[in-house]
Structures are given as C-alpha cells and as structure tokens.
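Coordinate inspection notes
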Amino acid sequence: MCRLLAYMGSPIQPEKLIYQPEHSLYIQSYKPKETVTTSVNADGVGIGWYDLQKDPKPFIYKNILPIWSDTNLPDLARYIESKCFLSHIRSATPGQETSLSNCQPFSHGNLLFTHNGFIENFRQTLYKPIRNYITDEIYQKIEGTTDSEHIFALFINELALVDGNLESALQNTLNTLIKLAKPYKIKVLANIIVSNGQQLVACRFAINATAPSLYWSNNALNMVNSVILASEPLFSGDWHSLVEKLIFSMGI
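Read on for an overview of the structure. Because the structure is a prediction, the values reported are computed rather than measured. (Residues numbered from 1 in each chain as written. Predicted model: local features only at pLDDT ≥ 70, side-chain atom pairs only at ≥ 80, totals over all residues. Heavy atoms only, no water.)

This part is about a nonpolar patch on the surface. Together, Y30, V40 and W68 make up a nonpolar patch on the protein surface, roughly 270 Å² of accessible area in all. Along the chain, the position of V40 falls in the loop between α2 (25-30) and β2 (45-51). On the basis of relative accessible area, V40 is assigned to the partly exposed category, the value being 35%. (Patch = residues over 30% accessible without salt bridge, like charges linked within 9 Å, V, L, I, M, F, W, Y side chains within 5 Å. Areas by Shrake-Rupley, 256 points an atom, 1.4 Å probe, with all protein chains shown as cover. Salt bridge = Lys/Arg side-chain N within 4 Å of Asp/Glu carboxyl O. Helix = DSSP H or I, 4+ residues; strand = E, 2+ residues; numbered from the N terminus. Buried < 20%, exposed > 50% of the residue type's maximum accessible area, 1.4 Å probe, protein only.)

Next up, the structure:
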C-alpha cells in the first residue's frame, strides 16, 4: 500500500523529510511498519512542490523506479526549498500498470493530489460510474488507469461546484464515493492529501474497511508554524493519528 508525505510551513529542503529521518519516506519504501497489503512500495516515486513567487502552478518530478533506485531525486530534494510539497511512493494495485501517468502526485491547474488506498475490483465496479458522473471535459484529462486518478477527477468535478473550496470539495468527493459504491458493497480506502500551495487538506477515509494509517505533527524539528502529514511517523515525537472521516486543513 502506498505511503504519503506532505509538508506545509516555513521553507525547507524536502530531503529533510524524504531521506533524513530515522523512519523517512525512503525507509518506508522497503521497511514500512503499518501497511496491511504489501511489504514494499517499489512501483514509482513522485514529488510535487510549490514556489509561488515563480508560478502558482506546482512543479513535479516522477519516476517509475523505486525510490531506492532513483539517483536523481536525492540531489533534487536537496536543491529544492519550498513552503509546501507532497511526495508519494507507490505500491501498484494488481492490474494497474507501472507507468509515469500512474505515478503520483497528480496535478490540475494549481492543485496537487495524492491518494493512498484502493477501490475494490475497480474496473468491474466504479470505473464506469465515476466516468459517467464527471463532466466530459474532466473525463478527457484522465491520462492513466488508476482508481487514484479517477478519485482525483471526482475531486476536480466537485471543486467546480463549490467555488474552489478545498474542504467542501473533498467532503463532497467522499460523499459521492459512498453513493457510487453502495450498490456494489465494496471496500474503498481513500486517504487523500490535496493542496493549492496555500492550503493543505487531507482525510483518512474508508468504506466497509478500516482506513490506512495517516498521522500529523506540527512544529516538529524546530520548524515553526509547520505541519507534516505522513502515512507513518517519520521520527519519534508528538504525532497524532488523523481521525477517520475528519477533514484536516491547514493554510499559510
């Protein structure tokens, strides 16, 4: 099962969270502690970050290699300095190919989006209902085959209906998933983190199952006015498990 990481606060180099901690995202790729469906996350890595002084749209780097085989990301993560970034290591759901278009974060306009979880029997259940629910314009923007990107498409669809309110769009996305999944009686696991560079919104959510782990910590490592969201605590300290079905939000 994928592992997520997000940061918002004073500018830092992403390597401080991706590589340096005792249980960093890098370590979680091959030695996770709280996954229930896989023991490695080897099907790709990605990072999206903001530099709002240069561009409101995020910058993105992805690779289909495992993070431990990516020789470019360590230097990039040391070079970048950002107030907000999202990172993701992928464990592909069987039947969903390893490709750049399936790697996360996904982006749309000024948005970054990551998802950890799955829709049970996605191709046989919610694949077509989701595509029927969203507008044709959003449908045309789907590039990959994952349930994750289809959930992002749902989010974009809902965002247009609430004047860009991230919290409302995320809540409505979850409500729509509940409605679409009900006839199929399937499991849906949907830990989600989304940002526009000025706000970070997240949820820990599941239907007919227990949601995957997701934690938050604020003002850690002497980073003032900051928050870290991670699938597993990166280091010992004051970490809080995100309450299921609660929308978490922070802005700068």
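Taken together, seven strands build an open sheet; the order of strands is β3-β2-β4-β1-β11-β10-β12 and the sheet is antiparallel. The sheet is open, and its two edges are formed by β3 (55-63) and β12 (240-241), each paired on a single side. Across six bridges, the pairing between β2 and β3 is antiparallel. Bridge pairing in β3 links G48 to I60. (Pairing = 2+ DSSP bridges.)

We now examine unusual backbone geometry. The linkage connecting Q104 with the following residue, P105, adopts the cis geometry, with an omega of 10°. Mapped onto the elements, P105 comes out in the loop between β4 (82-89) and β5 (106-108). The backbone of K185 sits at a positive phi, close to 55°, despite the residue not being glycine. Its location among the elements puts K185 in the loop between α7 (166-181) and β7 (188-195). K185 sits in the exposed class, given a relative accessible area of 73%.

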